[in-house]
Amino acid sequence: MASSIPKVGFVSLGCPKAGSDSERILTQLRAEGYDISKSYQDADLVVVNTCGFIDSAVKESMDAIGEAVKKNGKVIVTGCLGAKKEIIEEEYPNLLAITGPHALNEVMTAVHTHLKKPHDPFSDLVPPQGVRLTPKHYAYLKISEGCNHRCSFCIIPSMRGNLVSRSIDDVMTEAETLVNSGVSEILVISQDTSAYGVDMKYRSGFWHGRPIKTKLYDLAEAIGSLGVWIRMHYVYPYPHVDDIIPLMSEGMILPYLDVPFQHASPRILKLMKRPASSENNLLRINKWREVCPDITIRSTFIVGFPGETEAEFEELLDFLEHAQLDRVGCFKYSPVDGATANLLVGQVPEEMKEARLQRFMETQARISHKKLANKVGQTLTVLVDDHQGSFAIARSMADAPDIDGKVYLRDGKLLKPGDFVDVKIESYDQHDLFAGPNL
């Protein structure tokens, strides 16, 4: 006998911030009694949460919408690309609904319109931590939505709006619920984590009866008291970021900072409408390392930005050599519909962008090689994520899931995801470390 419970298919694309939106929608769907289908064929309708940041993401999202339309036919589109409704409607005019990002209520209204609610919502139908797309032992915690910056290469504010911070008590309640559910690591995310609370003028909230300011330092101190790994992502290099480095040195939060510097040339940074200069950033990095010698610094950069000269690209390579960053990602500049950088003169030819990208990655590969080699012989605490044959796959404090390296543990079959173990590093390859049995 076929189940009478309505089923919703779900496709989640994009960054962890979009993933957090997906988790909220999935949690509400389950709370209202809908089943989540693992196939298009068994779903009564499909929700596609899209990304629209760069051209490749737009293509991936449009392809995903097309696949859902072809294999199911009843499709609701949400997410960043949904903010460009006309682009989607031009190719797919018969969708059930299109919403922008961070649109839980609009998505649920569309679902209710086309698929009757099985019953009234009761929160006990889902676990307290909600429905998560991540493994059970780590979770992303989004502390704000939107961004007040107007970087010339970015259209996120036009999609997600200005900064809107969650109240500190709401954030801490969710964080505590995650820890109580067995999460071993919380990854703090937003469009601009450093700006947390600016829109609320850092007003105080209450958690367990004590006042806490809605501010980065106060959040880090409070969430660091929960006794799990706390990893900070998307940290803009404001001066007050210096204040949280001692918390890393004291072990309250992980000694890991994800700071998108984007470039090193003052002129290019100005064209990007980014703050700071490479000299200031180098001074900051050196200061952070003085306070917390074990800090891991991750960053992302753009090469081939409009007007970038060979000398300015060399300036970026020189910055890499001096900064000796631990984790680095790099992208070729890609015109994004609606970005003001598209109007700048001096667009860099595609073949030159590619050549610069290769030179950049070769430079960073040499730096990364030395840093990984220095870890051989060290004892590291790692968090187990998964298994591959007889190996356990883990991460150290220096490794965020999906974007950084891994630590492969031989003879690790008895270890479980979420376990913390101390291991001795024996060898390395281009990206990952290899360790013996746990100590």
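First, a word on scope: everything that follows refers to the structure included in this document. Quick caveat: nothing in here was measured; it's all calculated off a predicted structure.

1. A short note on the overall build of the chain
The helix and strand inventory of the chain stands at 12 helices and 20 strands. Over its C-alpha atoms the chain spans a radius of gyration of 23 Å, differing by no more than 12% from the 22 Å that the globule rule assigns to 439 residues. Projected onto its principal axes, the C-alpha coordinates of the chain cover approximately 65 × 55 × 50 Å. A total of 439 residues make up the chain; the buried ones form 53% of that total. For the chain, long-range pairs separated by at least 24 residues make up 72% of all intrachain contacts whose partners lie at least 6 apart in sequence. Accessible area for the chain stands at about 19800 Å²; split by element, carbon and sulfur atoms hold 53% of it. Charge-centre separation for the chain: the mean point of 48 positive side chains lies 1 Å from the mean point of 58 negative side chains.

2. Re the environment of Leu357
Positionally, Leu357 belongs in helix α12 (residues 350–375). For the pair Leu357 and Glu90, spaced 267 residues apart in sequence, the C-alpha to C-alpha distance is 34 Å. Aside from chain neighbours lying at most four places away, what touches Leu357 is Val303, Cys330, Phe331 and Lys332.

3. Focus: α12
In this model, α12 (26 residues) spans 37 Å end to end at C-alpha, consistent with the 38 Å of a helix rising 1.5 Å per residue. Trailing α12 by a residue or two, Gly377 shows a phi angle of about 95 degrees, which is positive.

4. Some points on the packing of helix α11 (residues 310–323) against α12
In contact at an axis separation of 10 Å, α11 and α12 are set at 15 degrees when each is read in the N-to-C sense. Considering the angle they form, α11 stands roughly parallel to α12. In the packing of α11 onto α12, the handedness of the crossing is right-handed. Between α11, through Glu310, Phe313, Glu314, Leu316, Leu317, Leu320 and Glu321, and α12, the contact on the second element is made entirely by Arg356, Arg359, Phe360, Thr363, Gln364, Arg366 and Ile367. Across the contact of α11 with α12, the residue classes break down as 6 nonpolar, 2 polar and 6 charged.

5. Some points on the pairing of strand β16 (residues 379–388)
Inspection of the sheet shows β16 paired to strand β19 (residues 420–428) by 5 bridges, in the antiparallel sense. Each residue of the ladder has a partner; that of Val382, found in β19, is Val421. Both β16 and strand β17 (residues 391–396) contribute to a ladder of 6 bridges, which runs antiparallel. Bridge pairing in β17 links Asp386 to Ile393. Counted along the chain from β16 to the antiparallel partner β17, the turn is 2 residues long, and its residue Gly389 has a positive phi close to 65 degrees.

6. Brief notes about the packing of aromatic side chains
In this structure the tally under the stated criterion is 9 aromatic pairs. Centroid distance Phe261 to Phe319: 5.9 Å. Interplanar angle 75 degrees. Geometry classified as edge-to-face. One end of the pair, Phe261, is in the loop between β13 (256–258) and α9 (266–272); the other, Phe319, is in helix α11, and 58 residues separate them in sequence. Each member of the pair, Phe261 as well as Phe319, is classed as buried. Of the aromatic side chains, those joined through ring pairs into one cluster are Phe261, Phe301, Phe319 and Phe360. When the ring centre of Tyr256 is taken as reference, the NZ or CZ atom of Arg231 above it lies at 4.5 Å. Arg395 extends its terminal NZ or CZ atom over the ring of Tyr138, reaching a point 5.2 Å from the ring centre.

Reading the values: rules and limits
Residues numbered from 1 in each chain as written. Predicted model: local features only at pLDDT ≥ 70, side-chain atom pairs only at ≥ 80, totals over all residues. Heavy atoms only, no water. Helix = DSSP H or I, 4+ residues; strand = E, 2+ residues; numbered from the N terminus. Rg over C-alpha atoms; globule rule 2.2 N^0.38 Å. Buried < 20%, exposed > 50% of the residue type's maximum accessible area, 1.4 Å probe, protein only. Contact = heavy atoms within 4.5 Å. Areas by Shrake-Rupley, 256 points an atom, 1.4 Å probe, with all protein chains shown as cover. Lys, Arg positive; Asp, Glu negative; His and termini not counted. Charge placed at Lys NZ, Arg CZ, Asp CG, Glu CD. Expected span 1.5 Å × (residues − 1). Axes fitted to C-alpha atoms, helices over the stretch in contact; angles between N-to-C directions. Parallel < 35°, antiparallel > 145°, perpendicular 65-115°, else oblique. Left-handed = near helix turned anticlockwise from the far one by under 90°. Nonpolar A, V, L, I, M, F, W, Y, C, P; charged D, E, K, R; others polar. Pairing = 2+ DSSP bridges. Phe/Tyr/Trp six-rings, centres within 6.5 Å; stacked < 30°, edge-to-face > 60°. Lys NZ or Arg CZ within 6 Å of the ring centre and 35° of its normal.

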